[in-house]
Amino acid sequence: GYPGSCGIMANYLEEAGFEIVQPVNGDKYDIVGADSQILTIKVGEGEKVQTEPGTMMMMSPGIKPSITCEQACGRCVGGEPCFNVIYTAEKPGFIGLTPNFMGKVIPVDLGMIQNNKLLSKDGSYMAGLGE
């Protein structure tokens, strides 16, 4: 396995020829692959992952999807879908996500953003931990 990664699927993906590009905060999620990247997030009971529609590739049993339309107007004006999917873990597990288009998965800790402002391209949001 890869030292420091959460190891959810790392061994299997490495055996299949994928390279773990950037393990971030090794205990929570992994990003694997060079071009067609997979973000695998480890979730504990009661934890939530909010995603763009169409990004879920795989998930363990016990993960329950639901839809939210909160802030739909602001999202649509900002180039995002009008709704998002929220996956809630009823028991510990994982969820694997891929972008809706070719691109790099870049983790951003919003707690580290100064002045609570982050400029990004339309459609760049893929997922977030929590609500």
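Anything mentioned here points back to the structure above.
Predicted model only: the values in this text are computed from it and were never measured.

Trainee: Can you explain the environment of G54? Please cite residues and give values.
Mentor: Note that G54 resides in the loop between β3 (48-51) and β4 (56-59). Linking G54 and T98, residues 44 residues apart in sequence, is a C-alpha distance of 8.5 Å.

Trainee: Tell me what's going on with the pattern of salt bridges, and back it up with residues and numbers.
Mentor: Applying the stated criterion across every chain, the model contains one salt bridge. One salt bridge connects E47 with K28, and the closest N-O pair in it is separated by 2.7 Å. With E47 in the loop between β2 (38-43) and β3 and K28 in the loop between α1 (10-15) and β1 (29-32), this residue pair connects regions lying 19 residues apart in the sequence. Residue K28 is classed as buried on the basis of its relative accessible area of 18%.

Trainee: Lay out the side chain of N84 with the relevant residues and their values.
Mentor: With respect to the helices and strands, N84 occurs in strand β6 (residues 84-89). You can call N84 buried: its relative accessible area is 2%. Residue contacts for N84: discarding those within four places in its chain leaves Q50, T51, E52, P53, S66, I67, T68, R75 and Y125.

Trainee: Lay out the state of the cysteines in plain terms, naming residues and giving numbers.
Mentor: Simply put, disulfide is the name for a covalent bond between the sulfur atoms of two cysteines. Counted under the stated rule, the structure contains zero disulfides. With no disulfide partner, C69 has as its closest neighbouring cysteine sulfur the one in C82, 8.1 Å distant.

Trainee: Outline the sheet that holds strand β8 (residues 127-129), listing residues and values.
Mentor: Either a parallel or an antiparallel arrangement is found when strands of a sheet pair, and the pairing is made through backbone hydrogen bonds. Ordered in space as β5-β6-β3-β8, the four strands form an open sheet in which the pairing is antiparallel. This sheet does not close on itself; its edge strands, each paired only once, are β5 (63-68) and β8. On average, each strand axis in the sheet is tilted by 20° relative to the strand beside it, whichever way the strands run. Bridge analysis of β3 against β8 gives three bridges, and the strand direction is antiparallel. Looking across to β8, one finds that Q50 is bridged to G128.

Cut-offs and rules
- Residues numbered from 1 in each chain as written.
- Predicted model: local features only at pLDDT ≥ 70, side-chain atom pairs only at ≥ 80, totals over all residues.
- Heavy atoms only, no water.
- Helix = DSSP H or I, 4+ residues; strand = E, 2+ residues; numbered from the N terminus.
- Salt bridge = Lys/Arg side-chain N within 4 Å of Asp/Glu carboxyl O.
- Buried < 20%, exposed > 50% of the residue type's maximum accessible area, 1.4 Å probe, protein only.
- Contact = heavy atoms within 4.5 Å.
- Disulfide = S-S within 2.5 Å.
- Pairing = 2+ DSSP bridges.
- Axes fitted to C-alpha atoms, helices over the stretch in contact; angles between N-to-C directions.

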